[in-house]
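Here is what each chain is made of, one letter per residue.
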Amino acid sequence: MPTFCRWKITVPKGQVVRFELLDTDRSYRLVSNNGSETSPPRSQVNYSLNFKIFNSIDSIAKITEFYFEDYNSSNVIQSTDNLMYIQIRIGRLIHSIRKIHARYSSDHESHCPVDIPTHLTSGFLSVTADQFNYTNFYCRTQFYQNGEQTLTFNISSLVYGHSNTYYQISPVRFKDEQLFVPFVALTSNVSNMVISSSAKRGSIITFQTEFVQFKEFMLNFRRHECGGVQQLSNGFQLKSPEFSIENYGPLECVWILRATYTTSYHLNGTINFSDTCDREYLVVYAGPSNVFPEIGRFCRDVTDFSGISISKLFTHVLYHAENFKTSESNFILEAQTHIICGSTTAIRGQVSKISVDSKTYKNNMECSWEFDAANAYYLVLSFVDRFFIEDSENCTNDQLEIQTYEAGIWVKAATFCGRESPESYNTKSKRIRIVFRTNNVTTGDGFTINVHSTCNVVHVLTDEFNQVVETTRLANSFIGSPQCEVTVKTETEKLIIAHLYMGLRFSAAKTCNYERVTAYVKSKINGTDISSGVYCNDAEIRAPNYLRLVYSGYFDRGDSLKMEFKLNSCGGNITSPTVIYPLQHEENEQYADNMNCIWYLRAAPDQSIVVKFKYLAMEESFSCSFDYIALYSGTNLNDEKRVARLCGNMTDNSPVIMLDSNTGVINAVSDVSVGSKGFSANIIFMPNCNERITLSVDHLIVSLPRQFNVTEDLLCHYRILGPRGYRINIQLKQLHINNQTSCRTLEKCKLCNFIEILDSAANRRLSMGKYCEDVHTTISLFTSVEDALIKFDATNKKGKVEFEIVLNLIESECGTDEYVLHNNEILNIAFPLKNTSELYPPNKHCKWKIKATSNFVINFNKFLLQNASQVDNKCLDYLHIQGEYLSTYYCGNSTGFKLPIDDSEKSIILSFHSDEFFEYPGFNITIQHQQTCNNSYTKLNDHIDYYRGTFEEVQCVDDIRVPDDYKISFYMQSIFFNTYNCSTSFLKFIDLHTNQTLLETCQDRFTYSSLHTNTSAVRIYVDHFSYIKIEYIAVNRSLPAGCGGEIYNNDGVLSSPYYDNDRNFSNCRWDIKVPSPNYIRIYFSSFDMGSKVNCPLDNVTIYKILPNGYEEVFLTLCGQNWAGAWDAVKIPSSHIAIVSKKSPNFDGSGWTLNFYTYDERSKFEKKLFIRFYTITETI
């Protein structure tokens, strides 16, 4: 085995270590077992002695490495700071080395910053790469304090980079060298960052290695006479600092509170802060530094607090003030070893005790204690010593009540009184509240309860009771690897189904040597537990009557284990919070076929019911007509009281449904085909805070000032209704919510409390605004019609919430809101109404309902709205057109488009919305019935669909007339007749200028065909047709036939011109526009642009055109049988250009393509007549 020698050389701070080897006898001899010496072979002698020299004892920033024989005395070996660490490796052969002489010196100054002594109150420190002429350097700046001080380091700049993206380390670290707590590592470039330390001896380490390219690090520091390491004891007090200077300026104080493993404490006290919560606060961390989780944060809005549990060896307390004023801000914290009334205690391995004795047992008292265990742990109560609480029937006088926290509310689990001490009580909950109440008659001796946690529990499953167990970050609070087990039983004959969801380390495991779950079932022979499998990946386990799961291993950060248990049943009566699932298929992990599950829900009279889906994946269909889950308020399946009917995959945006009643019904239905995962839904009973507000002409204005002290999950719906022909102006005057800057983005609103204002129920409750940060300036919104919904969701954070909303009834600016389209009638809808030259105002919402009995078409005569967002392509201002099978948005410039609506839509809803920012000219659309044929067309581009929906024969004559400086090209996608008699032609194209027949046919065509003409007027005769789809494009007469054009359609077909025997250059351009915010999808049904050697001259280029007119090349194609000819090409733009270039030597046949619109926000791509159904009817 090789031998190692290690040398550590330290010189005074401010100097560097210089090292060199002196004259060395390099003659080698092998020493045999009998002591004789021989000369070894050269291969055994060479490189047997290796030197590695570092700038630090932890082997960071290597200075050099060499073998003994290769040492060059002319090379200078020098550290960058006052320490050098040398590792010498001696090979496995025993060498007789006569001597090694080395010398070190400290004659040169270091460029590293000097140490910070105790007496230095402020200063500046900087390290830049320019100071060192080395690839690697290392500096260690130590700082010292007297134990009652805090050094605050304000980092003005840290700039560095990584040369290796797979090996990234932090080049700046702050260490506490006395307590050896985890160091603070700066893992990215920073500026204006503050780090405070109360360490008696600490250090700042900066370095550069081959993996870290260091540039600069600069900070200034200030020492404060506060903070330090303090030993906790009963009655210990932590007080705010007192300075002789009134306006002290920026201040941070850090205390590290040291306890013992056997004693837990509670911090109680009062605070009086003068500044706002983002400028002055006090934070308590469950560990020796601020990298540990927060267990308390207090600011000006909190004047007193109690019951912060300290169960760790170290607790980190940070006080921060932007401008400390001695006379205006103060606090005092006191540590107590007993748990006081009203406190909350985290149980993390320790045993906590609460007691009431004869001295503290008072009349008319109420005292509560809350306890919280780690995930997958359950709280157990042990009653010790004397137990005496006034006895009464059902404990109606004095009582000790145990409550568990289930699905967002506190539920009474048990009540005790009398003289008989209860047995140990397993709450089967990770969070409990113990409440002691007395009346005004008799007192007793009280009680003593020990509270501890366990991860072993037994659950009895019923049709109404399912169970979820989660173990996220289990071992962060414990030492060692826990061994836990969960046993589930049922008294029914139904199958127990368990789903295991493993964390990252679990799922990556190829073997189950470490983290694992072992399943046990009952033996059918002797009834003993036998193993049925070991799992370390996601799994489903099924067992009759009994299942025991034992899980072990170290659950590191980021790892988790989640277990869900249920009976394979569905339906029943639900009277308490629970989780429901669909009936499970017997052979796979999907829901069962022919399922019809009905749950009847009943909460207390003062509660409402909320259904919160964890995931939802059911067969998707229009109108959710096959598989679905429907939710109703009330006591039966009444369609008039149906709140939602859901299907499809909604897991990424799982719905939350408010039934707004204390009774409800849920119905899950499936057919015999196309199953999926199903759903998991939490049934939550909440305090009913819903309100219904009616406005009238005599009661135009209503103010809603509301204040809440949120201690449990709360969801309030305010439904507002006014008379027909009016709208509602909703003014959010003020909002104080969350009190955290982390809630400032809409994405963060998912994790924060919020208020959301939604438009009319008839408009599918489109959101008009969602607010999760404080509002100080009035926000004014307008509904489209006479009703609205305001949601207040406080299910994410606790604390005080205050808001004021004013409702104002106003006459509608949108005109008539409902139309019936009669034959030969043209409806006109415009906004703004009065003057076509004015711009529409911000924050406007209008809705129009159109009823019709046959096909009709919407013509966009003028349509100029705000462009779609360039960030996510969503419309900011929009016109939403919605029917039973149709849901599409229009924005930007969509002038010239038309939208045909077939007779499957009995009515449609047009909804206009503008945001609070920009104003635009608006829109003017006409709506009219569309007859199948006998029409006249004058636009430069249009499509003609002949469709015979009855057995009645129809003869059609249609004229297309465009300006004379254009000529017309026709593209036929399909031609189908209803007869095979070909004695006469059923489709004819006739030039109206020459009366010449251009094309005639009587045969069906299943493939694409085209007709390029030289005329500007064509008549089409059609007879005996079943379905014919024709697209025409007007081409400038100066261009070859079929060469280019402008297309304003939702879909269509194009082809290159006839290239046969054409020996000229050709450059044809087609501009295709579809309504914004849709994008364009194309595919080539044929593609042959000749030999690839002519790619620069013979090719097709697709350009993406931005709203500002800028063009950029998206794709260029050439050659034959292009590999993507049959694949869809999606261009993220609503405007593209296709340019086809051909040279005289062209030897290809050309190309044919189809284009369609698609909506990037939807998983469906849509043709014009493929409609969307808005699946949810959620209110």
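Treat the numbers as computed from the prediction; the structure is a model and nothing was measured.

### Looking at the confidence of the model for the chain
As a general rule, the predicted coordinates of low-pLDDT regions are not to be interpreted in detail.
Moving on, step 1. Averaged over every residue, the pLDDT of the chain is 83; residues scoring 70 or more account for 88%.
Moving on, step 2. Segment residues 554-558: pLDDT under 50, and 19 contacts once partners within four positions in sequence are set aside and those in other chains are kept.

### Section: the side chain of Q607
Moving on, step 1. Here Q607 lies in strand β48 (residues 607-618).
Moving on, step 2. Apart from the residues lying within four places of it in its own chain, the contact partners of Q607 are I409, S661, N662, F685, M686, P687 and N688.

### Regarding the sheet that holds strand β76 (residues 966-977)
Moving on, step 1. Pairing is antiparallel in the open sheet, where four strands are placed in the order β74-β81-β76-β79. Every interior strand has two partners, whereas the edge strands, β74 (941-947) and β79 (1009-1012), have only one. Geometrically, the sheet is characterised by an average inter-axis angle of 20° between neighbouring strands, direction not taken into account.
Moving on, step 2. Sheet topology places β74 next to strand β81 (residues 1025-1036); seven bridges connect them, and they run antiparallel. The partner of D942 across the bridge, within β81, is Y1032.

### What to know about the side chain of S203
Moving on, step 1. Note that S203 resides in strand β16 (residues 201-208).
Moving on, step 2. Overall, the relative accessible area of 0% leaves S203 in the buried class.
Moving on, step 3. In this structure the side chain of S203 is engaged in a polar contact, spanning 2.6 Å, whose partner is the side chain of E177.
Moving on, step 4. Once residues lying within four places of it in the same chain are set aside, the contact partners of S203 are R140, T141, Q142, F143, R173, F174, K175 and E177.

### Quick notes on empty space enclosed by the protein
Moving on, step 1. For the coordinates displayed, the defined rule picks out five cavities of 30 Å³ or more.
Moving on, step 2. Taken as a whole, the largest cavity holds about 210 Å³ of empty space.
Moving on, step 3. Surrounding the largest cavity, 19 residues form its lining, V181, V184, S196, S197 and S289 being those nearest its centre.
Moving on, step 4. Every element with two or more residues in the lining of the largest cavity is listed here: β13 (172-176), β15 (193-197) and β20 (247-258).
Moving on, step 5. For the lining of the largest cavity, the residue count by class is 11 nonpolar, six polar and two charged.

### Topic: the layout of surface pockets
The rolling of a water-molecule-sized probe over the atoms marks out the regions of remaining empty space.
Moving on, step 1. Looking at the second largest pocket, its volume works out to about 1,300 Å³.
Moving on, step 2. Considering the residues around the second largest pocket, the lining is formed by 41 residues, among which N855, Q930, Q931, T932 and N935 are closest to the centre.
Moving on, step 3. Breaking the lining of the second largest pocket down by element, the ones donating at least two residues are β67 (856-864), β70 (898-901), β72 (922-929), β73 (936-937) and β74.
Moving on, step 4. Ranked by residue count, the leading element in the lining of the second largest pocket is β74, at five residues.
Moving on, step 5. Across the lining of the second largest pocket, the residue classes tally to 13 nonpolar, 19 polar and nine charged.

The rules we used
- Starting from 1, residues in each chain are numbered consecutively following that chain's sequence as written.
- At least 70 in pLDDT is required for a residue's local features to be given in this predicted model, at least 80 for side-chain atom pairs to be given and counted, and no such filter applies to totals for whole chains, interfaces and linings, which use all residues.
- Heavy atoms from the whole structure form the basis of all side-chain values; hydrogens and water molecules are not counted.
- The predictor reports its confidence for every residue as pLDDT, a score running from 0 up to 100.
- We call two residues contacting when some pair of their heavy atoms lies within 4.5 Å.
- Here a strand is any run of E in DSSP of at least two residues, a helix any run of H or I of at least four, and the numbering for each starts at the N terminus.
- Note on pairing: DSSP must find at least two bridges between two strands before they are called paired.
- An axis is simply a line fitted to the C-alpha atoms; with a helix, the fit covers only the stretch in contact. Between two such axes, the angle follows the N-to-C directions and lies from 0 to 180 degrees.
- Whether a residue is buried, partly exposed or exposed follows from its accessible area with a 1.4 Å probe, protein chains only, as a fraction of its type maximum: under 20%, in between, or over 50%, in that order.
- Here a polar contact means two N or O atoms within 3.5 Å. Within protein one must be a hydrogen donor candidate and the other an acceptor candidate, and residues neighboring in sequence count only if both atoms are side-chain atoms.
- Here the term cavity refers to a set of points on a 1 Å grid, laid over the protein atoms alone, in which a 1.4 Å probe fits but cannot get out; the term pocket refers to an open set having protein on both sides within 12 Å along at least five of seven lines, with lining residues being those that place an atom within 4 Å of a point.
- Grid points are joined across faces, edges and corners, and a volume is the space filled by probe spheres set on the points.
- Residues are grouped as follows: Ala, Val, Leu, Ile, Met, Phe, Trp, Tyr, Cys and Pro are nonpolar; Asp, Glu, Lys and Arg are charged; all remaining types, including Gly, are polar.

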